[in-house]
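Residue-level structure breakdown
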Amino acid sequence: MKSVLRRVLIPVVAVIAGLLPAVVAVDQASALTKMTHSQAAAIFRAAGITWSSSGGCSDWNNPTCTSFTNINDSTVYGVRTLKQASGCAVNITGGTEVGHASGTYSHRNGYKVDISIYTCVSNYIRGTFTRIADRGDGAQQWRSGAGNIYANEGNHWDITYYNCGGC
């Protein structure tokens, strides 16, 4: 019941009050739930989201795999929100597997995914979100209304989900 309230009632009230991004961010940050690879894969599959890896595997201890082990539910639902809002194809190329940079809001800690650069999704990100300062490594960045960060790393989008983006 609490999950239903968190995912449905709070955002509805927030939309009415005009506070959706802040409420969702606070709500999601305080109640992270980790998912198994299978749980996340089932949600992605149902939403029409694909994933691939250079190793053709999902072992989170192998850097050539794409794993969703211990991914945050807000990250999974954030990718689903991107897919639904944009109407674009979304292919995940990086999840929680080893081999990414460390840090609190890292891939390994379940906050980030990498997705393929497709014209449709790139146009959506650039046309819908706010351009912000480049990242320290020079990657161009955009911030969604919910506060999630989309960084163009040249051959993929590196996305940090602080919340699910209004799921």
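This is a predicted model, so every value here is computed, not measured.

Helix and strand content of the chain: five helices and nine strands. Along the chain, helices (α) and strands (β) appear in the sequence α-α-β-α-β-β-α-β-β-α-β-β-β-β when read from the amino end. Counting across all 167 residues of the chain, residues that qualify as buried make up 43%. Put simply, of all contacts in the chain between residues at least 6 apart along the chain, 58% involve residues at least 24 apart. Total accessible area on the chain is roughly 7,900 Å²; 56% of this is exposed by carbon and sulfur atoms.

Spatial strand order, S2-S4-S5-S9-S8-S7-S6: seven strands in an open sheet with mixed pairing. For this open sheet the edge positions go to strand S2 (50-51) and strand S6 (130-132), each flanked by a neighbour on one side alone. Along the sheet, helix H5 (residues 119-128) contacts strand S5 (112-116), S6, strand S7 (140-143), strand S8 (149-152) and strand S9 (156-160); its crossing angle with S9, the most-contacted strand, is approximately 50°.

Counting buried residues in S5 gives five out of five residues, a clear majority hidden from the surface. Taking every second residue as pointing to the same face, both faces of S5 are buried, with Lys112, Asp114 and Ser116 on one and Val113 and Ile115 on the other. Pairing analysis gives two bridges linking strand S4 (residues 91-94) to S5, with the strands arranged antiparallel. Bridge pairing in S5 links glycine 94 to aspartate 114. Relative to S9, S5 runs antiparallel, the two sharing five bridges. Note that in S9 the partner of isoleucine 115 across the bridge is tryptophan 157.

Glancing now at the nonpolar core. If you look at the biggest cluster of nonpolar residues, it comprises 27 residues, and the most contacted ones within it are Ile115 and Tyr150. For this core, the elements supplying multiple residues, two or more each, are helix H3 (37-47), helix H4 (73-86), S5, H5 and S9. Among residues more than four places away in sequence, those in contact with tyrosine 150 are Leu82, Ile125, Phe129, Gln140, Gln141, Trp142, Ser144, Trp157, Asp158, Ile159 and Tyr161.

Simply put, disulfide is the name for a covalent bond between the sulfur atoms of two cysteines. Counted under the stated rule, the structure contains two disulfides. Disulfide pairing is shown between cysteine 57 and cysteine 65; the S-S distance is 1.9 Å. On the S-S bond that ties cysteine 57 to cysteine 65, the torsion sits near -100°, and the link is left-handed. For cysteine 57, a relative accessible area of 25% translates into the label partly exposed.

With respect to the helices and strands, asparagine 152 occurs in strand S8. On the accessibility criterion, asparagine 152 (14% relative accessible area) is buried. At 2.8 Å, the side chain of asparagine 152 and the backbone nitrogen of glycine 154 are in polar contact. Leave out the neighbours within four places in its chain, and asparagine 152 touches Ile117, Arg126, Ala139, Gln140, Trp142 and Trp157.

Take the packing of aromatic side chains next. Taken as a whole, this structure holds nine aromatic pairs when the rule is applied. Seen in terms of ring centroids, tyrosine 105 and tyrosine 162 are 5.0 Å apart; in terms of plane orientation they differ by 70°. Their pairing is edge-to-face. Within this pair, whereas tyrosine 105 is found in the loop between S4 and S5, its partner tyrosine 162 is found in the segment after S9, the two being separated by 57 residues in sequence. Using a relative accessible area of 42% as the deciding quantity, one classes tyrosine 105 as partly exposed. By the ring-pair criterion, three or more aromatic residues cluster together here, those being Tyr124, Phe129, Tyr150 and Tyr161. Lying across the ring of tryptophan 60, arginine 108 places its NZ or CZ 3.5 Å from the centre.

Definitions and cut-offs
Residues numbered from 1 in each chain as written. Predicted model: local features only at pLDDT ≥ 70, side-chain atom pairs only at ≥ 80, totals over all residues. Heavy atoms only, no water. Helix = DSSP H or I, 4+ residues; strand = E, 2+ residues; numbered from the N terminus. Buried < 20%, exposed > 50% of the residue type's maximum accessible area, 1.4 Å probe, protein only. Contact = heavy atoms within 4.5 Å. Areas by Shrake-Rupley, 256 points an atom, 1.4 Å probe, with all protein chains shown as cover. Pairing = 2+ DSSP bridges. Axes fitted to C-alpha atoms, helices over the stretch in contact; angles between N-to-C directions. Core = buried A, V, L, I, M, F, W, Y, C linked by side-chain atoms within 4.5 Å. Disulfide = S-S within 2.5 Å. Polar contact = N/O pair within 3.5 Å; in protein donor to acceptor, adjacent residues only side chain to side chain. Phe/Tyr/Trp six-rings, centres within 6.5 Å; stacked < 30°, edge-to-face > 60°. Lys NZ or Arg CZ within 6 Å of the ring centre and 35° of its normal.

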